[in-house]
Amino acid sequence: MSSHRRRIALAVALGMLSPVYAPAVPAGAAAQCATPAGVYRDAAGWAQRITDSSPIWPLTDGTGQLLAVLGTGVDADNGQFRRGQVVTGSDTTDCDGRGTFAAGIVAAAPDPATTFSGMAPGTKILGIRYTQSTDGGTGADEPAPGALAEAIDQAVDAGADVILVVVPTSRTSRALDASVRDAVARGVVVVSPAVADRPGTLSYPTSLPGVIGVGAHNQAGAPVQGEAGDHLWIAAPGEGLVSTAAGARGRIGQRWDVDDPAYAAAYVAGAAVLIHAYRPSSTPAQVRDRLAATANRPPSGKRDPRLGWGVLDVRAAVTAELPGATASGRPAEVAAPAVVVAAGPADPPARQRLPGLLALLGLFGAVLSMLTVTVIRRGRARGWRP
């Protein structure tokens, strides 16, 4: 059994052994679960156009990568997910729908029935439900940082290459801090959105060290979320979005015109998956720096408190050849390229100097001969008088 299959099997086993991540939908809630709005057949949406990665699929489409989607679960029963592509353990439902929507942004396969497709359709999805916000109208509890920490640990143990947090929390804990540190230390890229609606408030693990904190922008490039700060690394679409819907019952189905800054993180996670697939030795810090170095800069040219280093450029992030990156707060690639002074040309070999020297001596001799002949002629004509 290959290592990839072993870690998928481990993911399934962990899902079966951890029912805390797959709570039953409360009685009476089924009627309120997410359902498709239909099949999207219009022209590709603006967000899909600016994050279109199909030109680099000949290089990689994410095959061999495992993306863990942490939030409300992932409904594997959508026609744009291949059989076996979504691994969720014993429960493959997503009543809320947010996990399925985010997973589709990354991994939905192209299909002639719809103009929508994901960024990395070769990616395997590990859906982990740690919260359930649709509960029959009784009011959703605040997502618990401890439960999110356990979900991160589960994803790491399952062999995830990239972790996408779809539903962050508004507070942290020692357990969550430790889980994020461990994930990054073990080479897992952690991507999380900024969803707070006003400045001065933070999302977690978005604002924790080592996490790729993602801001959201609209079609005009303006930031969507209120949250701001140095923890925001890059921005991606978060308004007027299209993706897969939960509740499709084996058919193709989408929702569109969706506004939610949380989904910006899905686009960045898709780019991270492609980078990791094409450059498998990349560390989390190198993936972060590459995303920042290739982003389309804010108008100021500087880091923006709500857009980070700029707007995601997927193709450049995957394919651009850049100088070495660092794990510092400012990626090395952002700085102006260093100018290296070229060495002067090497001295020609000694044997190459002789022809030139002989030519110079020959010219000097010819001039001297002409002067001598002229002096003698004039001297004779004057009778050698002065």
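Computed from a predicted model, the values in this text were never measured in an experiment. (Residues numbered from 1 in each chain as written. Predicted model: local features only at pLDDT ≥ 70, side-chain atom pairs only at ≥ 80, totals over all residues. Heavy atoms only, no water.)

*Asks:* Explain unusual backbone geometry to me, please; I cannot follow it from the model alone.
*Replies:* Negative phi is the rule for most residues except glycine; trans is the rule for most peptide bonds. For the bond from Tyr-204 to Pro-205, the omega torsion is 10°, close enough to zero to count as cis. Positive phi is not limited to glycine here, since Arg-249 has a value of about 55°. With respect to the secondary-structure elements, Arg-249 resides in the loop between strand E8 (241–244) and strand E9 (254–258). A positive phi angle, close to 55°, is found at Asp-257, a residue other than glycine. Inspection of the secondary structure assignment puts Asp-257 in strand E9. The class for Asp-257 is exposed, based on a relative accessible area of 61%. (Helix = DSSP H or I, 4+ residues; strand = E, 2+ residues; numbered from the N terminus. Buried < 20%, exposed > 50% of the residue type's maximum accessible area, 1.4 Å probe, protein only.)

*Asks:* Explanation requested: helix H4 (residues 145–157) in the structure shown.
*Replies:* Turn by turn, an α-helix covers 3.6 residues, leaving residues three or four places apart pointing in a common direction. Taking 1.5 Å of rise per residue, 13 residues should cover 18 Å, and H4 covers 18 Å from first to last C-alpha, within 8% of that figure. Here H4 has its buried residues at Pro-145, Leu-148, Ala-149, Ala-151, Ile-152, Gln-154, Ala-155 and Val-156. Just downstream of H4, Gly-159 is the residue with a positive phi angle, here 90°. (Expected span 1.5 Å × (residues − 1).)

*Asks:* What is the right way to read the environment of Gly-84 from this model?
*Replies:* Take Gly-84: it is sitting in the loop between strand E1 (66–71) and strand E2 (86–87). For Gly-84, a relative accessible area of 41% translates into the label partly exposed. In sequence terms Gly-84 and Lys-124 are 40 residues apart; their C-alpha atoms lie 8.3 Å from each other.

*Asks:* Help me understand the packing of helix H6 (residues 264–278) against helix H7 (residues 284–294), please; the structure alone is not making it clear to me.
*Replies:* To describe two helices that pack against each other, one gives the angle between their axes and the distance between the axes. The geometry of H6 relative to H7 is characterised by a closest axis approach of 11 Å and an angle of 115° between their N-to-C directions. In the packing of H6 onto H7, the handedness of the crossing is right-handed. Of the residues in H7, those in contact with Val-268, Ala-271, Ala-272 and Ile-275 of H6 are Val-287, Arg-290 and Leu-291. Residues of the contact of H6 with H7, tallied by class, amount to 6 nonpolar, no polar and 1 charged. (Axes fitted to C-alpha atoms, helices over the stretch in contact; angles between N-to-C directions. Left-handed = near helix turned anticlockwise from the far one by under 90°. Contact = heavy atoms within 4.5 Å. Nonpolar A, V, L, I, M, F, W, Y, C, P; charged D, E, K, R; others polar.)

*Asks:* Is there a simple way to explain the environment of Thr-123 in this structure?
*Replies:* Mapped onto the fold, Thr-123 is located in the loop between helix H3 (98–107) and strand E3 (124–129). Looking at Thr-123, the relative accessible area reads 0%, which means it is buried. In the structure, Thr-123 is positioned 150 residues away from Val-273 in sequence and 7.7 Å away in space, judged by C-alpha atoms. With near-sequence residues (within four places) excluded, Thr-123 lies in contact with Asp-61, Gly-62, Thr-63, Gln-65, Leu-67, Gln-85, Val-106, Ala-107 and Val-273. One polar contact links the side chain of Thr-123 to the main-chain carbonyl oxygen of Ala-120, over a distance of 2.8 Å. (Polar contact = N/O pair within 3.5 Å; in protein donor to acceptor, adjacent residues only side chain to side chain.)

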